[in-house]
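# Examining the three-dimensional arrangement
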Amino acid sequence: MRRLWKNRPLWFAAVFFVLCILLAAATVGDRRVSYTDGLFRSAALPIQEKLYAAQDAVRGFFIRVFHPSELEEENERLKEQLNRQAAQLAFFEDTARENARLTELLNFTDANPSIRFQTAAVIGRSTNPYIDTLTLNVGTRHGVASKMAVITPEGVIGRVSEIGPTWCRVRTLANDDMRISVTVQRTRDEGMYGGLFTLPDGTLGAKLYYLPDDATVRVGDVIVTSGLDEVFPKGLLIGTVVALDEGTGAYDAIVQWDADFSHLEEVLVLVPGGSAS
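Residues numbered from 1 in each chain as written. Predicted model: local features only at pLDDT ≥ 70, side-chain atom pairs only at ≥ 80, totals over all residues. Heavy atoms only, no water.

### What about the sheet that holds strand β6 (residues 179-184)?
Which entries qualify depends on this criterion: Two strands form a pair only when DSSP identifies at least two bridges running between them. Elements are defined by DSSP. Helices are runs of H or I of four residues or more, strands are runs of E of two residues or more, and each kind is numbered from the N terminus. To get an axis, fit a line to the C-alpha atoms, keeping to the stretch in contact for a helix; angles then go from 0 to 180 degrees between the N-to-C directions.
If you walk around this closed barrel you meet the six strands as β6-β7-β8-β11-β10-β9, and the pairing is antiparallel. Pairwise comparison of adjacent strand axes, ignoring direction, gives a mean angle of 45° for this sheet. By the bridge criterion, five bridges tie strand β7 (residues 190-198) to strand β8 (residues 204-209) in an arrangement that is antiparallel. Each bridged residue has a counterpart across the sheet, and for Met-192 the counterpart in β8 is Tyr-209.

### Observations regarding the environment of Thr-140
Note the following rule: Partly exposed residues are those whose accessible area sits between 20% and 50% of the maximum for their type, while under 20% is buried and over 50% is exposed, using a 1.4 Å probe and protein chains only. In this analysis, two residues are considered to be in contact whenever any of their non-hydrogen atoms come within 4.5 Å of each other.
Tracing the backbone through its elements, the reader meets Thr-140 in the loop between β2 (131-136) and β3 (149-152). The class for Thr-140 is partly exposed, based on a relative accessible area of 46%. Between the alpha carbons of Thr-140 and Ile-163 there is a distance of 7.0 Å; along the sequence they are 23 residues apart. Among residues more than four places away in sequence, those in contact with Thr-140 are Ile-163, Gly-164 and Pro-165.

### Remarks on unusual backbone geometry
Non-glycine residue Arg-188 carries a positive phi angle of around 65°. Relative to the elements of secondary structure, Arg-188 occurs in the loop between β6 and β7. Note on Arg-188: relative accessible area 44%, which makes it partly exposed. A positive phi angle, close to 60°, is found at Glu-230, a residue other than glycine. For Glu-230, the position within the fold is in the loop between β9 (222-225) and β10 (237-244).

### Notes on the sheet that holds strand β5 (residues 168-175)
Here six strands make up a closed barrel; going around it, the order is β1-β2-β5-β4-β3-β12 and the pairing antiparallel. Strand-to-strand, the axes of this sheet are offset by a mean angle of 45°, without reference to chain direction. In terms of strand pairing, β2 meets β5 through five bridges, oriented antiparallel. Each bridged residue has a counterpart across the sheet, and for Thr-135 the counterpart in β5 is Arg-169.

### A look at the pattern of salt bridges
It is possible for side chains of opposite charge to pair when their charged atoms get near one another. Our working definition: For salt bridges, the criterion is a side-chain nitrogen of Lys or Arg within 4 Å of an Asp or Glu carboxyl oxygen.
In this structure the tally under the stated criterion is two salt bridges. Of the charged contacts in the structure, one is a salt bridge between Glu-162 and Arg-169, with a shortest N-O distance of 3.5 Å. Note on Glu-162: relative accessible area 40%, which makes it partly exposed. Notably, a salt bridge pairs Asp-221 with Arg-186, separated by 2.8 Å at the nearest N-O pair. One end of the pair, Asp-221, is in the loop between β8 and β9; the other, Arg-186, is in the loop between β6 and β7, and 35 residues separate them in sequence. We classify Arg-186 as partly exposed; its relative accessible area is 38%.

### Digging into the packing of aromatic side chains
Under the convention used in this document: Pairing of aromatic rings covers Phe, Tyr and Trp, the last through its six-membered ring, and needs centres within 6.5 Å; plane angles under 30 degrees mean stacked, over 60 mean edge-to-face, and all others mean tilted.
Applying the stated criterion across every chain, the model contains three aromatic pairs. Arranged with centres 4.9 Å apart and planes meeting at 55°, the rings of Phe-197 and Tyr-251 form a pair that is tilted. Note that Phe-197 is positioned in strand β7 and Tyr-251 in the loop between β10 and β11 (253-257), a separation of 54 residues in sequence. Of the residues examined, Tyr-251 reaches a relative accessible area of 9% and is grouped as buried. Taken together, a centroid distance of 6.3 Å and an interplanar angle of 45° make the contact between Trp-257 and Phe-261 tilted.

### Things to note about the pairing of strand β1 (residues 117-126)
Where β1 and strand β12 (residues 266-270) come together, five bridges link them in antiparallel fashion. Looking across to β12, one finds that Phe-117 is bridged to Leu-270. As judged from the four bridges shared by β1 and β2, these two strands associate in the antiparallel manner. Residue pairing across strands places Val-122 opposite Leu-136, the latter belonging to β2.

### Some thoughts on the side chain of Thr-225
Threshold: Here a polar contact means two N or O atoms within 3.5 Å. Within protein one must be a hydrogen donor candidate and the other an acceptor candidate, and residues neighboring in sequence count only if both atoms are side-chain atoms.
The residue Thr-225 is located in strand β9 in this model. According to the relative accessible area criterion, Thr-225 is buried, its value standing at 1%. Separated by 2.5 Å, the side chain of Thr-225 and the backbone oxygen of Pro-233 make a polar contact. With residues up to four places along the chain from it excluded, the contact list for Thr-225 reads Val-156, Ile-180, Ser-181, Val-182, Thr-183, Phe-232, Pro-233, Lys-234, Gly-235, Leu-236 and Ile-238.

### Details of the pairing of β5
Here is the key point about a regular strand: its side chains alternate between the two faces of the sheet. Among the eight residues in β5, six count as buried, and that is most of the element. Strand direction decides the pairing type here: strand β4 (residues 155-163) and β5, joined by five bridges, are antiparallel. By the bridge assignment, Arg-159 is partnered in β5 with Arg-171. The loop that links β4 with its antiparallel partner β5 comprises four residues.

Shown next as structure tokens:
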């Protein structure tokens with residue numbers, strides 16, 4: 001009897017626990033509770049939460065010990081679900097970017113109704129400096145011909161150099177053989193763009209030459225097409241002056257193109273006298 005009395009705190013706790021359980025069982029489904037019942041429930045709630053957490057922990061332990069295959073199957077199922085969700089998210093993001101690019105092309109053509117064009121997708125590229133080319137998925141069957149201009153809403157990309165029935169290759173602004181008649185936008189001085197040049201700091205650009213002797217080109221000047229070569233419409237962006245000739249006489253300035261050829265996906269091929277498609 002004395003031993004039982006010595007353990008009275010433990011007995012009190014056990015009795016209190018049993019009372020809480022009986023109270024919870026007696027009030028299941030009864031939404032109306034008295035003030036006293038509310039106090040008992042509030043007091044028992046932390047204990048119930050601890051019991052539920054302990055129950056889940058014990059259940060998880062026995063599942064890991066006695067049914068490891070079930071846990072592995074659940075993990076594989078969750079991994080597969082995460083992979084599917086990641087793939088769907090990547091698809092949605094790629095579709096959103098494509099829609100944004102196509103919307104930009106559509107807005108550009110709507111704003112320039114006099115330009116006839118053929119939309120094309122980039123299906124190949126050579127990023128070797130001096131021979132930079134793109135391959136498009138359009139050709140003679142689509143009304144494309146050699147020397148046609150290729151552009152984006154951001155400006156000039158290049159000119160068709162080779163062509164087949166369903167494909168063509170484009171010589172870009174970053175190609176050493178590219179030559180375009182251009183204008184300095186600020187001064188309206190006309191010159192020629194073409195021929196790659198590497199600056200001492202490693203910057204690769206194209207030469208700007210044949211400007212008038214009294215031309216006052218500056219670093220930062222914007223270079224656009226002049227329209228005199230009858231290939232590129234007037235006023236399309238080429239690039240920006242990044243350096244001036246230091247008395248060598250080899251060029252008037254160096255122009256860095258604005259187009260990002262390594263990330264192009266859709267372009268417009270200008271079709272003189274053709275129908276937009």
